[in-house]
Amino acid sequence: MRTGVLLLHGSSGTPDFERARILEAEGYDVLAPRWTVGSEVPLESFPLDELAERTDRLVVMGNSWGAEAALLLGALDERVDAVVAFAPSAYVWGRFVEDGRQRSAWTWHGEPLPFVPFDPDWKADDDPPSYTGWYRQSLEVYDNAYAELARIPVERIREVLLVAGGDDKVWPAVEFAERIVTSRGALETQLVTLPEAGHRVVLPGEQPKTAGQRMARGGSPEADRELGALAWDDVRRVLTG
């Protein structure tokens, strides 16, 4: 059985070719497309069709905003067998557009998905800025009106592996991961976490990533590598099926 892996980058906008090479060396067929991070990205624009034509099993792997997309694809596209989400989100989030309004990050069959807006009154109080407080505050402000509608329906995914650092300064990835575990109930779900690790997990054989906008990401090179080493056997297990 041949496994295809759709590998989705985060907000850096840079495909993770290093991780792709590591996965290819393990024998997997990997596509790591470059996609434009912004509002109303069509989930159908990711090349699952191409992978499905030449493989028997589909796994979507993503980091951060790419993990948000990976979980959505796993929930909405029945061909996806498993999702591996690094620094995951439990919700669809908005994206700001030119006039200051917010729109959904994603569409499905032409329809924008419900999303949690960002609270426009929040201000960062550290430098470089950490955004975990913005996500928490936005969920508190918009909880009743938006959060449940914007929750990713993870209970539709066959198998999920979540990897999250407890010192993530971009968004509260462990909290989101725990909500995903709760939503999935008895379905096959594994969460690998390390309190000292940050937003960017480093798998064995990888170098720490540096691309992306200026912000606090938490963790340390040592802790981020340790979390990657802890998760690696589970990643391989999911890919093997």
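See the structure above.
Residues numbered from 1 in each chain as written. Predicted model: local features only at pLDDT ≥ 70, side-chain atom pairs only at ≥ 80, totals over all residues. Heavy atoms only, no water.

Q: Help me understand the overall build of the chain in this model?
A: The number of helices and strands found in the chain is 7 helices and 11 strands. Scaling as 2.2 N^0.38, a compact globule of 241 residues should have a C-alpha radius of gyration of about 18 Å, and the chain matches this with 17 Å. Summarising its shape, the C-alpha atoms of the chain cover approximately 50 × 40 × 35 Å along the three principal directions. Considering the chain as a whole, with its 241 residues, one finds that 55% of them fall into the buried category. Long-range contacts, defined as pairs at least 24 residues apart, comprise 72% of the intrachain contacts of the chain with a sequence gap of at least 6. Put simply, the chain shows about 10800 Å² of open surface, and 48% of that area lies on carbon and sulfur atoms. When the 25 positive and 40 negative side-chain charges of the chain are each reduced to one mean point, those points stand 2 Å apart. (Helix = DSSP H or I, 4+ residues; strand = E, 2+ residues; numbered from the N terminus. Rg over C-alpha atoms; globule rule 2.2 N^0.38 Å. Buried < 20%, exposed > 50% of the residue type's maximum accessible area, 1.4 Å probe, protein only. Contact = heavy atoms within 4.5 Å. Areas by Shrake-Rupley, 256 points an atom, 1.4 Å probe, with all protein chains shown as cover. Lys, Arg positive; Asp, Glu negative; His and termini not counted. Charge placed at Lys NZ, Arg CZ, Asp CG, Glu CD.)

Q: Just checking my understanding: could you explain the sheet that holds strand 1 (residues 3-8) for this structure?
A: Across a sheet, strands are paired by hydrogen bonds formed along the backbone, either parallel or antiparallel in direction. Read across the sheet, 6 strands follow the order 2-1-4-5-10-11 without closing on themselves; strand pairing throughout is parallel. Of all strands in the sheet, those with a lone pairing partner are strand 2 (29-31) and strand 11 (189-194), marking the two edges. Neighbour-to-neighbour, the strand axes of the sheet open up by a mean angle of 15 degrees, direction not taken into account. Note that strand 1 and strand 2 share 3 bridges and pair parallel. If you follow V5 over to strand 2, its bridge partner there is V30. Where helix 3 (residues 65-76) meets the sheet, it contacts strand 1, strand 4 (57-63), strand 5 (80-86) and strand 10 (160-165), and its direction lies at approximately 150 degrees from that of strand 4. (Pairing = 2+ DSSP bridges. Axes fitted to C-alpha atoms, helices over the stretch in contact; angles between N-to-C directions.)

Q: Honestly, the sheet that holds strand 8 (residues 106-108) in this entry has me stumped. Any pointers?
A: Pairing is mixed in the open sheet, where 3 strands are placed in the order 3-8-9. Of all the strands in the sheet, the pair left with one neighbour each is strand 3 (41-42) and strand 9 (111-112).

Q: Hey, could you run me through the packing of aromatic side chains in this one?
A: Each pair of aromatic rings is reported with the distance of its centres and the angle of its planes. Scanning the entire structure with this criterion turns up 19 aromatic pairs. Their ring planes at 75 degrees and their centres at 6.0 Å tell us that Y91 and F176 sit as a pair that is edge-to-face. Highlighted residues: Y91 in the loop between strand 5 and strand 6 (94-96) and F176 in helix 6 (residues 173-184), separated in sequence by 85 residues. The class of Y91 is buried, set by a relative accessible area of 10%. Ring geometry for W93 and F176: centres 6.2 Å apart, planes at 40 degrees, overall tilted. Of the two residues, W93 is situated in the loop between strand 5 and strand 6 and F176 in helix 6; the sequence distance between them amounts to 83 residues. Judged by its relative accessible area of 0%, W93 falls in the buried class. Taken together through their ring pairs, the aromatic side chains of Y91, W93, F96, F118, W122, Y131, W134, Y135, W171 and F176 make up a single cluster. The cationic tip of R19 hangs over the ring face of F86; the distance from NZ or CZ to the ring centre is 4.5 Å. (Phe/Tyr/Trp six-rings, centres within 6.5 Å; stacked < 30°, edge-to-face > 60°. Lys NZ or Arg CZ within 6 Å of the ring centre and 35° of its normal.)

Q: Mind showing me how you'd approach the nonpolar core here?
A: Membership of the largest hydrophobic core comes to 56 residues, with the highest contact counts inside it found for L6, L43, F46, L71, L73, W93 and W106. The element contributing the most residues to this core is helix 3, with 8 residues. Among residues more than four places away in sequence, those in contact with L6 are L31, P33, F46, P47, L48, L51, V59, V60, M61 and L73. Core analysis: the next-biggest nonpolar cluster, separate from the first, contains 27 residues, Y28, F86, V201 and L203 among them. (Core = buried A, V, L, I, M, F, W, Y, C linked by side-chain atoms within 4.5 Å.)

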